[in-house]
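Chain by chain, the residues:
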Amino acid sequence: MTCCSVVAMDVGQWRINELGVNDGLPDTTVYSMAQDQAGFMWFGTTNGVARYDGYAFRVFQHDGADEGTISNNNAGNVFIDGNNQLWIGTFGGGANKIDLNTGHIHRFPYTSHRVEQMLAENVQTFYQDISGHIWVGTSVGLYKMDNDQPIHMEELISDDELSHSRIWDITGDPQGHIWAGTSVGLIQLNQQNKSFQHFTLPDELNFDITSNQFRVLKLHQNTLWIGSASGLYEFDIRQQTFRHHQLGPNTVKINDLLVHEDHLLIASMSGLYQFDLQAKAYTRLNGQLWQAMNHLDIRALYADPSGLLWLATRDSGVLQLDPQGGLFGHHLEYLNETDMNEKSKQVWALEISHDQQLLLGTSDAVFQLQDNQLKQTIRAVSQPALPGIIRDIATTADGNWLVGSEGVFWQPLNAQQAEYITDPFDLVGMEPTDVFSVAVSQAGELWLALYNIGVLRWHPDTSHAELIQHYDGGPLNDLNLSHVFVDSNEDIWVASGLVGLFRYRLSINKLELFSYDFAETTGLMSNRIRDVLEDSSGRLWVATERGLNQFDHQSQSFHAVMPEDPVIGKSIYAITEDSRKNLWLTHQFGVSRMDLVNQAVNHYQLNEGFMTDGFIPRAVTIDDNDILYFGSVNGYYTFNPNELGMRRTFQPGFLLTEVAIDDRPLPFSALAVQPTEFKIDHTQRTIAFTMAALDYKSAGQIQYQYQLKGLHDDWLNVSKSRQIEFSQLNPGDYQLALRAVNNDGSWQDLTKNISMAVLPVWWERSWVRALLIMAVLLLAWAIHFYRTLKIRQQNQKLEAEVQKRTAELSEANAKLKAAAHSDYLTGLNNRMAFVSGFEEKRKALGQSRKNSTIVMADIDHFKLINDQYGHAAGDEVLKQVSLIMKAMIREGDLMARWGGEEFIFYFDRMDAVSTQRLIERIRQRIEQSDIRYEGHLIPVTLTFGVCQQKAGQSLNDCINAADDALYQGKKSGRNQVVVNQS
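Residues numbered from 1 in each chain as written. Predicted model: local features only at pLDDT ≥ 70, side-chain atom pairs only at ≥ 80, totals over all residues. Heavy atoms only, no water.

## A look at the overall build of the protein chain
Inference 1: Of regular secondary structure, the protein chain possesses 11 helices and 77 strands.
Inference 2: Summarising its shape, the C-alpha atoms of the protein chain cover approximately 120 × 100 × 50 Å along the three principal directions.
Inference 3: Of all 982 residues assigned to the protein chain, the portion counted as buried reaches 53%.
Inference 4: For the protein chain, the share of sequence-separated contacts (at least 6 apart) that also reach a separation of at least 24 residues comes to 54%.
Inference 5: For the protein chain, the accessible surface area stands at approximately 45100 Å², while carbon and sulfur atoms represent 47% of it.
Inference 6: The average position of the 78 basic charges and that of the 117 acidic charges among the side chains of the protein chain differ by 10 Å. (Helix = DSSP H or I, 4+ residues; strand = E, 2+ residues; numbered from the N terminus. Buried < 20%, exposed > 50% of the residue type's maximum accessible area, 1.4 Å probe, protein only. Contact = heavy atoms within 4.5 Å. Areas by Shrake-Rupley, 256 points an atom, 1.4 Å probe, with all protein chains shown as cover. Lys, Arg positive; Asp, Glu negative; His and termini not counted. Charge placed at Lys NZ, Arg CZ, Asp CG, Glu CD.)

## Focus: the side chain of Thr-943
Inference 1: Take Thr-943: it is sitting in strand β76 (residues 942–948).
Inference 2: In this structure the side chain of Thr-943 is engaged in a polar contact, spanning 2.7 Å, whose partner is the side chain of Asp-860.
Inference 3: Within polar-contact distance, the side chain of Thr-943 engages the backbone nitrogen of Asn-975 at 2.9 Å.
Inference 4: Setting aside residues up to four positions removed in sequence, Thr-943 forms contacts with Met-856, Ala-857, Asp-858, Asp-860, Leu-966, Gly-969, Lys-970, Arg-974, Asn-975 and Gln-976. (Polar contact = N/O pair within 3.5 Å; in protein donor to acceptor, adjacent residues only side chain to side chain.)

## Comments concerning the packing of aromatic side chains
Inference 1: All chains considered together, the criterion is met by 47 aromatic pairs.
Inference 2: Their ring planes at 80° and their centres at 5.9 Å tell us that Phe-834 and Trp-898 sit as a pair that is edge-to-face. Of this pair, Phe-834 sits in helix α7 (residues 831–845) while Trp-898 sits in strand β72 (residues 894–899); the two residues are 64 residues apart in sequence, bridging distant segments of the chain. Here Phe-834 and Trp-898 have matching classes, each one buried.
Inference 3: Connected via pairs of aromatic rings, a cluster forms that spans Trp-179, Phe-199, Phe-214, Tyr-233, Phe-235 and Phe-242. (Phe/Tyr/Trp six-rings, centres within 6.5 Å; stacked < 30°, edge-to-face > 60°.)

## Some points on the environment of Phe-485
Inference 1: You can see Phe-485 is positioned in strand β47 (residues 481–486).
Inference 2: Judged by its relative accessible area of 16%, Phe-485 falls in the buried class.
Inference 3: Placed 437 residues apart in sequence, Phe-485 and Gly-48 show a C-alpha to C-alpha distance of 61 Å.
Inference 4: The residues contacting Phe-485, other than those within four sequence positions of it, are Ala-439, Asp-491, Ile-492, Trp-493, Val-532, Leu-533, Glu-534 and Leu-540.

## Some details on the sheet that holds strand β11 (residues 134–138)
Inference 1: As summarised here, the arrangement of the four strands in space is β10-β11-β12-β13, forming an open sheet in which the pairing is antiparallel. Pairing within the sheet leaves two strands with one partner each, and these edge strands are β10 (123–128) and β13 (149–152). Each strand of the sheet is rotated relative to its neighbour by a mean of 30°, with strand direction disregarded. (Pairing = 2+ DSSP bridges. Axes fitted to C-alpha atoms, helices over the stretch in contact; angles between N-to-C directions.)

## Here we look at the nonpolar core
Inference 1: Within the largest apolar cluster, 62 residues are counted, with the highest numbers of intra-cluster contacts made by Trp-310, Phe-689 and Phe-726.
Inference 2: Membership of the second largest hydrophobic core comes to 33 residues, among which are Val-855, Phe-905, Leu-918 and Phe-944. (Core = buried A, V, L, I, M, F, W, Y, C linked by side-chain atoms within 4.5 Å.)

## A few points about a negative patch on the surface
Inference 1: A surface patch of negative charge is lined by Glu-419, Asp-423, Asp-426 and Glu-431.
Inference 2: Summarising the element assignment, Asp-423 is placed in helix α3 (residues 423–427).
Inference 3: On the basis of relative accessibility, which here comes to 42%, the residue Asp-423 falls in the partly exposed class. (Patch = residues over 30% accessible without salt bridge, like charges linked within 9 Å, V, L, I, M, F, W, Y side chains within 5 Å. Salt bridge = Lys/Arg side-chain N within 4 Å of Asp/Glu carboxyl O.)

## Focus: the UniProt feature "domain: GGDEF" (unreviewed entry) in the protein chain
Inference 1: Using the residue numbers shown here, the UniProt feature "domain: GGDEF" (unreviewed entry) corresponds to residues 850–982.
Inference 2: Its end C-alpha atoms 18 Å apart, residues 850–982 is made of 45% helix and 25% strand. (UniProt positions renumbered as here; feature names shortened; annotations may be inferred.)

## Points about the side chain of Ser-363
Inference 1: Here Ser-363 is to be found in the loop between β34 (358–362) and β35 (366–370).
Inference 2: Since its relative accessible area comes to 9%, Ser-363 is described here as buried.
Inference 3: Side chain to side chain, Ser-363 and Gln-346 meet in a polar contact 2.6 Å long.
Inference 4: With near-sequence residues (within four places) excluded, Ser-363 lies in contact with Lys-343, Gln-346, Trp-348, Gly-388 and Ile-389.

## Regarding the environment of Phe-275
Inference 1: Relative to the assigned elements, Phe-275 resides in strand β24 (residues 271–276).
Inference 2: The class of Phe-275 is buried, set by a relative accessible area of 0%.

## Re the pairing of strand β36 (residues 373–380)
Inference 1: As judged from the five bridges shared by β35 and β36, these two strands associate in the antiparallel manner. When the sheet's bridge partners are listed, Gln-368 is paired in β36 with Gln-376.
Inference 2: The antiparallel pairing of β35 with β36 creates a hairpin that spans two residues between the two strands, and Asp-371 there sits at a positive phi of about 55°.

This is the structure:
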């Protein structure tokens, strides 16, 4: 039939995340997928089955010596039944079943010959009917499971060839009939009267020998949609008639079908197609057949509760696809491909004009847009375009001021050309120069920030201009003046990238400087100022490289806003305000909304594919509909807060994905029931928990926190690793609280409570102490009974015995105290000892302490060492590395094993430069060391992060800064020393 024009999915706004072998997937060929009741995603591959939690894979593979593993790695089909049991179909190993409630794995016996008693070795598909029975499609026919006993349907299907044909897919209808797609057509089984019907294509629809190969079935209303080797067929169940939907001149082999909203998504060997179920036509866009990812052989489709689409492919892994495009829209459509160049992509300034037109200032021109489509390009008079880079735009009722690397331009309202303005420069006797920012006062004065020259004040109506180049502290030249802002009091604020924030008070004609002071607890967070904004309530906000500040008009000083927030407490690029009086902040991760009325903050992360573009400082604007626009080096972005309430909401599972005791993970079965109580004895030194909230749509912006009640009453952030490790806890009972916080409002905060019991050594247990007390009492009674006999001698014996016992107990307690402050494996200090030692040094040094540094170190690819050489080899690596590093530092320096493969150092009276030199020598020594275990030479390298502690900076903040540097080193290739420059 002829295709009609229907609504197509917007491929340009899709957010796509690819998962492959480098992410932990065991193979790039994935034939099927399913989601269990907890929310984990399961993938059937040609090299085992993989479970995914949004961050990491756990792989299940065949081990011939272990009956508790799956029977074959060629596990192409996975299926979750209503009892939360995972069925695994393999080619060459029959079927397997994992009870996800207990972790038990069951292998079904298989054979190629006795099909009536055992499952076949090649299993294609599974289905659960309305009565709860599992049906299994194999290469030699159809089975029905009865209490885990397979029953072959050859007794029901009398045709021997038909009963033993390959079963590609199975489904059922509301009447309880079973439909099976086979290599020779369609079978309907009537379970009530135990009859069957066989349907094949009529001759006019039978194009070749594979046309009756019905690979996938999808029942929708009264129609059975069939994906065949010859394309898409429609089978009317009532009329029992077939209809073919021709895709085009070429035949497409269909692998899977998914009903998505009012469309049918078609997975094929040549990509993804869309079929409108109402119009019964393939989707077209601009007269062309809609097709996506035509380079992929897509084997399976799945839509999860959050609205994500999952695509399993052959040779290309798994794709996570967000049809809504995430929260951010990316725009490059303001120019066609022939006119677009790298300069026109660089959007340095955005502004909404008085008639709600979007103005883009780029390195190539100024573009005027309406509804994100180009309306006109603003050109200079007698020139094809505006020269240079347009850095800032100021709109007025009469037109727009455009400033940039070539000076100042004026565009009258509705004009297509801008006039080059030299008057302000002529009046002060200088050539036009690079202008970074422009602001217009209520009186109509223009204030221009001249980057390394000063501030130029000009009133167009009076032809008066003044170049301000000095303040009380010295000249303004070479201070990187990048932004100018006029507040409601007609005070002019000038941002510097080096020394802080200037304020020019017109009432007294004085320029004053506010700057960051190490010794002050109040004041600006940094001297590198990014943006200034006065909100509708008259509050002044300042974005700096190290967080957000607010100006207190009463005290005439600045104070930090939420410095503890992991996002707002870092570099802020720009600030704007919406109609609801919310502040919006841009940063390297995306945007944040500050609800000043309810004192709430939400963070919205940039799509991972957009992260590399980044936002340009101050390049933000907002229209009357509260839609935000952001400039970047690759076009511009939009963010519509009004769509947040339209996002699909659901409550994901919040689970422990791994628990390890002494670096050894508990088996899969131990976590299947998600235990909430854990016990460790005195021989087990560490316990570590890894958690995940199973929201795949926004996994990167979930914050993970924990609280150990009685020890850490504050919530501590572990979002980077999602792991909490406790080492050498004192005996006792502990309550651990875990929390997952989602910032985009699609689900409520998730919590999990865990009880931990750390058992004491045997002689410290209550029953042993009771026996000891009884023994002492009995001894006292004996002494009293025999006091008349050799009383002096007995007293001497008793005194000697008491002294001996006291010495033994003292020695035991001393050993316990030493063990509580040292790492059992390396002999280094542990985390508790390090913190105590740091506090002692801080008290001892007092006011004289200066130039102290914190260093975080992490062994590169340590998990790979454990996997390749074994945990004993990993332990040996930890011990040898510890000895090398300990030998190369000073006697008074602090060093500890921080946890796992991480180490921490504290150096007093050493700045970052000298520390970097020392650590670089340590790094080289380890890299060149000959570390062996059982004859194996193990290459070992470390990545280090260095932070010089600043005045007033807490130990925790300094550790986080060093950890950030360490993370940067890991990201940049490992085996290096990185100094935190913030």
